[in-house]
Amino acid sequence: MAVIDKTAVGRDRTAAATTGAVAVTATLVLLVAVLAAVDITQGTADVGASQVWDALTGNAEAGDASVVVASRLPRMVAAVLVGLALGMAGSALQAVSRNVLASPDTLAVNAGSYLALGVLAATGTTLPLLASSGAAFVGGLAAAAIVLGLSGLGRGTVRLVLAGSALALGLNAATEALLLLFPQQTEGLYAWNQGSVGQNGFDGVAQMAPVIAVGFVGLLLVARRVDALALGDDAARGLGVPVRGTRVTTVVLATLLSAAAVTLAGPIGFVGLCAPALVRPLARRFRGLVRSRLSMPVAGLVGAALVLLSDVLLRAVVPADTAVEVPTGVVTTVVGGVFLVVMALRARDTASAEAPDRLRIPGRTAFLVTVVVLAVVLVGVMVAAVLLGDSKLLLGDVVNWAQGRAGRVVTFVLDTRVPRVTAALLAGAALALSGTLVQAVTRNPLAEPGILGVSGGAGLGAVLLVTTVEAPGSWAVAGAAFGGAAVTASVVFGLAARSGFGQNKLVLLGVGVSAAAAALISLVIVLSDPFDTTRALTWLSGSTYGRNMPDVVPVAVVLAVGIVLAVVRRRELDLVALDEDTPRLLGLGLPRARLGFLVAAVLLSSTAVAAAGTIGFVGLVAPHAARALVGRRHVRVVPVSVLLGALLVCLADLAGRTVIAPAQLGAGLMTAVIGAPYFVYLLVRTRR
Amino acid sequence: MRRHLLASATVAVAALSLAACGTTEPSTDDAAASAKPAGKITLTDDKGTKVTLDGPATKVVATEWNVVEDLVALGVAPVGVADVKGYTAWNTSAPLTGSPKDIGTRGEPSIDTVAALAPDLVVATSDLAPAVVKQLRKVAPVLEVKAADASDQIGTMTNGLDLIAKATGKEDEADALKEDFEASVTEGKKALADAGLDGAEIATADGYEASNQVSIRAYTSGSLLGAVNERLGLKNAWTVEGDEAYGLATTDVEGLTGLGDVHFPYVANDVDGDTFTGPLAKNAVWKSLPFVKAGNVHRLPDGVWMFGGPRSMEAYIDSLVDALTKK
């Protein structure tokens with residue numbers, strides 16, 4: 001009897017779960033429908049709700065009807081399709097990699113697709129849309145293959161995202177570099193690295209819809225096998241599921257979906273990361289949503305709702321004509337970033353810290369040799385940076401200049417070049433030190449001022465000041481940058497601290513905040529000065545262009561103080577970086593020490609941003625490489641990391657100034673282009 | 001291994017530093033004091049800065065295309081021009097004379113290159129970042145010309161021309177250019193009036209496409225082309241608000257539905273492709289627009305720079321009058 005009872009209860013539960021899941025789905029469909037209805041009443045033409053109704057019922061004037069048919073409906077359908085595709089893709093990627101941070105954004109799929117499209121645009125190749133989406137698919141797939149190949153599927157959350165975000169940054173930098181190299185061919189929305197759902201007629205939608213349908217149906221077909229993977233590879237194999245085949249198929253299908261979305265509308269940020277994250281808490285309440293066959297389409301619906309909501313909000317808040325200039329991707333990214341922060345807070349999942357990488361501990365000689373070699377190389381690069389440029393100089397010129405008896409041309413060239421080299425050196429060193437401090441305090445190899453949104457906040461603060469005040473002074477810019485950085489840092493660290501700096505949570509918060517900050521920078525610039533892409537690129541990708549000596553004073557002062565602090569408090573840094581308990585046992589006030597180091601880190605990165613814009617990657621690469629070279633003791637890591645950071649940015653700046661001279665590439669682009677391959681190499685090496 | 005690295009690095013640095021010794025230019029001790037030509041020129045630029053020149057500037061660098069055009073039109077061959085390739089494609093009304101050096105992009109001209117040219121005047125516009133102007137001032141006197149001003153575009157254009165003419169001693173040429181421009185306006189206005197187009201509604205535009213979205217840039221009454229339209233006796237039909245400097249606004253295809261029965265001249269360039277005959281050709285909204293149906297869409301010839309000087313505007317007037325009176 002008891003047995004029968006149990007089954008009955010079990011059946012009841014299943015039935016209840018299914019009903020719940022169906023209710024959720026129905027609610028979402030309704031939400032998407034309502035948002036879609038609102039969306040088609042918005043636009044630049046004087047066609048509101050009643051005209052749209054007339055058009056849909058066939059009673060409208062020809063003009064109004066064509067607006068609805070050729071402009072509003074395609075835009076709405078594109079928003080739904082893009083959201084659906086990205087949500088599905090994100091959900092599938094997360095399921096198959098068993099990683100809540102996997103998404104078309106963090107696996108660099110979007111970045112790969114976008115770069116492929118950028119290459120097409122730059123080379124002036126005009127292909128039919130379907131062929132372009134083929135190129136986007138290849139680009140996205142290549143990126144995904146690199147990321148997954150390097151990090152190993154399901155092998156470590158942090159590692160995957162580490163590889164993915166590194167590659168994404170590198171690829172985006174390459175795309176931006178293309179944009180600068182071929183400004184005429186790649187004009188328009190490309191400038192913002194953000195997509196927009198606006199459509200020119202139904203052509204694009206009609207061509208991409210079948211592709212998305214293929215991906216959609218394909219994913220539904222493999223859904224059951226994907227569920228089996230969640231049990232673990234061995235269990236899945238035990239059930240007769242081909243593990244490798246399923247993974248490859250799923251990744252290919254997800255890539256297909258994101259490539260179609262990127263082709264249709266450009267990169268619409270964050271939907272693929274957010275939608276599944278929003279479905280997860282729902283799945284906790286409605287067990288039916290645990291199964292991929294249901295959860296993937298539901299994530300798609302959530303994605304569609306997100307994209308539509310962003311579009312609707314944008315057009316409701318901003319006047320119709322201005323809204324044309326603001327890419328939808330900017331809004332989804334801001335909305336997505338905020339959602340991500342909220343979700344990160346709600347989530348109970350805080351994967352424990354990974355076991356620290358096994359690193360050999362080199363001897364004292366090795367450390368000294370490393371420092372000396374780095375210092376020598378740095379001096380060499382500095383000399384090269386001062387001598388090389390559009391006009392090549394020789395050392396004698398520099399000697400003359402230093403003694404104030406150089407000729408006219410040499411004086412001019414060095415007067416402008418030396419501040420740039422100085423800015424690059426100091427900003428690099430400051431970012432590296434900042435990264436070292438943050439990584440120690442959070443015990444998180446991914447933590448970096450850029451990824452955690454500190455640099456983004458600094459950039460936003462600086463941009464707000466620069467766009468509102470005519471010619472502000474260097475200290476004012478540094479102050480504004482610090483203000484912005486302090487706000488984002490308090491948000492990220494404050495919220496993360498409440499949950500004991502859980503690895504995923506901190507990075508999740510940071511990724512959300514930094515993406516939102518970058519999008520807001522774009523937004524501020526689009527709204528204040530839509531035709532000035534140069535300024536946008538400077539603040540989004542870093543540049544030492546136009547820096548004068550007074551501009552680098554703040555970062556110099558802060559760096560000096562920071563280095564002294566790090567050296568004096570090196571033992572505390574070691575302890576803080578060790579674990580939660582040891583410092584307490586030794587009587588170290590952990591919260592106070594942490595706070596002190598974090599404030600220093602924020603000061604360092606914000607002054608670096610004020611001096612050279614938002615330069616990514618340095619704070620991530622330099623400490624990581626330093627630890628790989630000389631072990632984890634901070635008395636060694638700090639100098640090596642600072643030297644590496646200075647070297648990296650100095651080299652990047654030199655390359656940026658000379659490669660396409662007389663035109664210039666931002667130092668931030670170059671750090672990403674140089675940093676990404678290095679980082680990938682580092683990942684390959686540590687894999688053994 | 002590390003030792004080898006260190007050794008080779010040291011050798012490399014030593015070798016490089018040896019190779020990099022010497023100077024590219026004699027120190028000032030050796031340089032002879034150059035003779036001062038008579039006739040100093042003092043003028044106040046659009047930012048209110050006093051600029052003093054030893055004489056009419058001949059080695060001039062220009063950071064924006066409108067001032068490049070002014071220089072060329074005045075008969076001064078600039079020694080440095082930002083984005084030479086772009087200028088050649090976009091401004092054919094005043095083709096570059098001499099062989100100017102490319103100084104990089106218009107937004108970020110390379111100070112190194114400008115300095116190496118050792119110009120005696122740099123003509124920049126108010127669009128260039130103040131920090132950069134400050135650096136350029138160390139290289140040479142900088143004349144900052146107002147880039148654009150939606151409240152008086154034609155006045156801004158001629159003021160800029162006059163400033164540059166004063167600095168280069170070409171005031172007579174400037175007067176001739178302004179007269180030519182006025183003559184062109186009078187002639188164009190008459191031709192349009194003769195064709196019964198006095199007071200006709202006009203909407204000048206350009207457009208671009210990215211990720212399947214077509215954006216259209218409206219040259220409102222505050223833009224230079226809009227101002228010229230008005231001088232020609234035409235009426236600007238755009239209702240969207242332009243920005244304060246260039247008088248430009250962005251809209252999409254939908255935004256054209258409010259225009260009514262207008263003349264729609266647009267600027268395109270083969271470098272970028274033609275948005276209006278390309279992506280828009282099949283668009284139902286575009287096809288339903290009254291001016292498209294009436295065949296009042298006119299592509300202006302390549303190389304009429306929309307933000308240029310008197311020469312560009314003459315080219316605009318000629319091609320516009322041609323296009324509108326052809327039927």
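Residues numbered from 1 in each chain as written. Chains lettered and ligands numbered in written order. Predicted model: local features only at pLDDT ≥ 70, side-chain atom pairs only at ≥ 80, totals over all residues.

1. Looking at the sheet that holds strand β4 (residues 80–81) of chain B
Residues and elements named next belong to chain B. Pairing is parallel in the open sheet, where five strands are placed in the order β5-β4-β3-β6-β7. A single partner strand is all that each edge strand has here, and the edge strands are β5 (101–102) and β7 (142–145). Here strand β3 (residues 60–62) runs beside β4; their pairing, made up of two bridges, is parallel. Bridge pairing links A62 to V81 in β4. Along the sheet face, helix α2 (residues 65–74) touches β3, β4, β6 (121–125) and β7 and points at about 145° away from the line of β3. Sheet strands touched by helix α6 (residues 153–168): β3, β6 and β7. Its angle to β7, the strand with the most contacts, is close to 165°. (Pairing = 2+ DSSP bridges. Helix = DSSP H or I, 4+ residues; strand = E, 2+ residues; numbered from the N terminus. Contact = placed C-beta atoms within 7 Å. Axes fitted to C-alpha atoms, helices over the stretch in contact; angles between N-to-C directions.)

2. Observations concerning the environment of B:T156
All names here are of chain B. Turning to its location among the elements, T156 is positioned in helix α6. The spatial distance from the C-alpha of T156 to the C-alpha of P265 is 23 Å, given a sequence separation of 109 residues. Those residues in contact with T156 that lie beyond four places of it in its chain are K146, A148 and D149.

3. Regarding the nonpolar core
All names here are of chain A. Residues V82 and A427 are the most contacted members of the largest nonpolar core, which totals 336 residues. Ranked by residue count, the leading element in this core is helix α3 (residues 62–97), at 21 residues. If sequence neighbours within four positions are ignored, A427 has contacts with V555, A608, A611, A612, I615 and V649. (Core = buried A, V, L, I, M, F, W, Y, C linked by C-beta atoms within 7 Å. Buried ≥ 20, exposed ≤ 12 C-beta atoms within 10 Å, placed from the backbone.)

4. Section: helix α15 (residues 395–402) of chain A
Residue and element names in this part refer to chain A. Buried within α15 are the following residues: D397, N400 and W401. The arc that holds the buried residues of α15, viewed along the axis, is 100°, so those residues lie on one side. Looking at the packing, one finds that the buried side of α15 touches α16 (408–442). The first or second residue beyond α15 is G404, which carries a positive phi of 70°. (Arc of directions from axis to C-beta.)

5. Things to note about the sheet that holds strand β9 (residues 204–210) of chain B
Residue and element names in this part refer to chain B. The five strands lie next to each other as β12-β10-β9-β13-β14, forming an open sheet whose pairing is mixed. Whereas interior strands pair on both sides, the edge strands pair on one side only; in this sheet they are β12 (248–251) and β14 (297–299). Each neighbouring strand pair of the sheet contributes to a mean axis angle of 30°, computed without reference to strand direction. Pairing of β9 with strand β10 (residues 213–219) involves seven bridges; the strand directions are antiparallel. From the neighbouring strand, A205 faces β10, where its bridge partner is A218.

6. Some points on helix α7 (residues 171–194) of chain B
Residue and element names in this part refer to chain B. Helix length check: α7, at 24 residues, gives a terminal C-alpha distance of 35 Å against a target of 34 Å (1.5 Å per residue), a fit within 8%. Among the residues making up α7, those that are buried are A174, L177, F181, S184, G188 and L192. Next to the buried residues of α7 lie α2, α6 and α11 (310–325). Looking one or two places after α7, you find G196, whose phi comes out positive at around 75°. (Expected span 1.5 Å × (residues − 1).)

7. Describing the domain arrangement of chain B
Residues and elements named next belong to chain B. Considered domain by domain, chain B is made up of domain 1 (41–169) and domain 2 (192–325). Using C-alpha coordinates to define each centre, domain 1 is positioned 28 Å away from domain 2. In this complex, domain 1 contributes 19 residues to the contact, which on the side of domain 2 involves 24 residues. Counting residues per element, the side of domain 1 that touches domain 2 draws most heavily on α2, which supplies five residues. Here the residues of the side of domain 1 that touches domain 2 are counted per class, giving 11 nonpolar, five polar and three charged. (Domains from an automatic or database assignment. Nonpolar A, V, L, I, M, F, W, Y, C, P; charged D, E, K, R; others polar.)

8. Section: the environment of B:V262
Residue and element names in this part refer to chain B. Tracing the chain through its elements places V262 in the loop between β12 and β13 (264–267). By C-beta crowding, V262 is classed as buried, having 23 other C-beta atoms within 10 Å. C-alpha of V262 to C-alpha of V292: the two residues are 30 residues apart in sequence and 9.1 Å apart in space. Among all residues touching V262, those that are not within four sequence positions of it are E201, I202, A203, A237, F291 and N296.

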